[in-house]
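Observations on the model geometry
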Amino acid sequence: MSTLGTCFATARAALPRAEAELLTTHALQEQSSALYAFPERRVPARLASRHANCIERRQRGEPVAYIIGERGFWNLTLAVDRCALIPRPETECLVEAALARTSPQPCTRVLDLGTGSGAVALAIAASCPTANVEGVDCDPACVALACRNAERLGIQATFYESDWFSAVEGPYDVILANPPYVAEDDPHLRRGDLRFEPHRALIGGPDGLSHLRQIVRQAPNYLAQGGFLLVEHGYDQADHLHDMFRDAHFLRVETLRDLASLPRVTLGQRA
């Protein structure tokens, strides 16, 4: 019969130590301390089989977040599945920028376009509970996932289906989006975690800018006067975004850098 020690050793031989520990504790339903304190503890056959399956899935390249079904973002632990992108640390730049422009007044309305797991909307709602936060997605599975996250975390936010602005009613004080912005021929789509994530949430047309153009063009119709639009984009797309924002008559256009010092979020204020 397998033990905690033999299972952990098998995982460590196949994967980096941090991943081995995380997947072993998940599969065996143990605390990480038990792997070191009680290596002789026996593991039921069903859990040993589950552990082997988790290791095999990771060796095939499946993201750890999809295997364990959750991912940390901001100060939240979110449920994730393959209907939505895995929340990434660089997107916290979008949250920080939006919070800096969100009034503490209860009437403040915030809209998160393409909410996915609800990560951005829930981070804002948790940090500014007086705001009225809405998140929309064209995929009903994503809407259901975001609603589950809101319920399990006890955070007040509203999620519903909308293809960008198709079902929303403004005006909003802050609109933000992390839309698909990868070009359809980008070779990264065939590598690493991206192979397993939904390509409809990654690909933004031939040049990666199709959805960004639509959002920037339409957003002024849904923003209150003086309201802000903030969008996440690729590190090499900032100049294009500045042109889009100026063409849509936004004021005070600027681009912010993420933790890796890469251009990540462009924003502007409605006249």
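The structure reproduced in this document is the subject of the present report. Keep in mind the model is a prediction, meaning the values are calculated, not measured. (Residues numbered from 1 in each chain as written. Predicted model: local features only at pLDDT ≥ 70, side-chain atom pairs only at ≥ 80, totals over all residues. Heavy atoms only, no water.)

Looking now at the overall build of the protein. A count of helices and strands for the protein gives ten helices and nine strands. For the protein, the spread of C-alpha atoms along the three principal axes comes to 70 × 40 × 30 Å. Out of the 271 residues in the protein, the part that is buried amounts to 50%. Counting contacts in the protein only where the partners sit at least 6 residues apart, residues at least 24 apart contribute 64% of the total. (Helix = DSSP H or I, 4+ residues; strand = E, 2+ residues; numbered from the N terminus. Buried < 20%, exposed > 50% of the residue type's maximum accessible area, 1.4 Å probe, protein only. Contact = heavy atoms within 4.5 Å.)

Under the criterion given, the structure shown has 13 salt bridges. Linking Arg101 and Glu254 is a salt bridge whose minimum nitrogen-to-oxygen distance equals 3.4 Å. One end of the pair, Arg101, is in the loop between helix 6 (92–100) and strand 3 (109–113); the other, Glu254, is in strand 8 (residues 250–257), and 153 residues separate them in sequence. Between Asp207 and Arg213 there is a salt bridge, with the nearest N and O atoms lying 2.5 Å from each other. For Arg213, a relative accessible area of 35% gives the class partly exposed. Here the salt bridges share partners, and the residues they tie into one network are Glu19, Arg58 and Asp193. (Salt bridge = Lys/Arg side-chain N within 4 Å of Asp/Glu carboxyl O.)

Turning our attention to the nonpolar core. Leu122, Ile124, Val133, Phe159, Leu176 and Leu230 are the most contacted members of the largest nonpolar core, which has 31 residues in total. Looking at this core, the elements that each hand over two or more residues are strand 2 (76–79), helix 6, helix 7 (119–127), helix 8 (140–153), strand 6 (172–177), strand 7 (223–232) and strand 9 (263–270). Element by element, the count of residues in this core is highest for helix 7, at seven residues. Apart from residues no more than four positions distant in its own chain, Val133 is found in contact with Val110, Ala121, Ile124, Ala125, Ala157 and Thr158. Judged by nonpolar contacts, the second largest core, of 23 residues, contains Trp164, Tyr172, Val216 and Ala248. (Core = buried A, V, L, I, M, F, W, Y, C linked by side-chain atoms within 4.5 Å.)

Taken in spatial order, the seven strands of this open sheet run 5-4-3-6-7-9-8, and their pairing is mixed. Strands with a single pairing partner mark the edges of an open sheet, and in this sheet they are strand 5 (158–161) and strand 8. Averaged over all pairs of adjacent strands, the angle between their axes in this sheet comes to 20°, without regard to strand direction. Note that strand 7 and strand 9 share five bridges and pair antiparallel. Bridge pairing in strand 9 links Val231 to Thr266. Sitting on the sheet, helix 6 touches strand 6, strand 7, strand 8 and strand 9, and the angle it makes with strand 7 is about 165°. (Pairing = 2+ DSSP bridges. Axes fitted to C-alpha atoms, helices over the stretch in contact; angles between N-to-C directions.)

Bringing the packing of aromatic side chains into the picture now. Applying the stated criterion across every chain yields a total of three aromatic pairs. Seen in terms of ring centroids, Phe8 and Tyr36 are 5.6 Å apart; in terms of plane orientation they differ by 85°. Their pairing is edge-to-face. Here Phe8 is found in helix 1 (residues 4–14), whereas its partner Tyr36 is found in helix 3 (residues 32–37), with 28 residues between them in sequence. Residue Phe8 is classed as buried on the basis of its relative accessible area, which comes to 5%. Tyr36 sits in the partly exposed class, given a relative accessible area of 42%. Here Phe245 and Phe250 contribute two aromatic rings whose centre-to-centre distance is 5.0 Å and whose plane-to-plane angle is 50°, an arrangement assigned as tilted. The ring of Phe8 has Arg12 lying over it, and the distance from NZ or CZ to the ring centre is 5.5 Å. Positioned above the aromatic ring of Tyr172, the side-chain terminus of Arg109 is 4.2 Å from the ring centre. (Phe/Tyr/Trp six-rings, centres within 6.5 Å; stacked < 30°, edge-to-face > 60°. Lys NZ or Arg CZ within 6 Å of the ring centre and 35° of its normal.)

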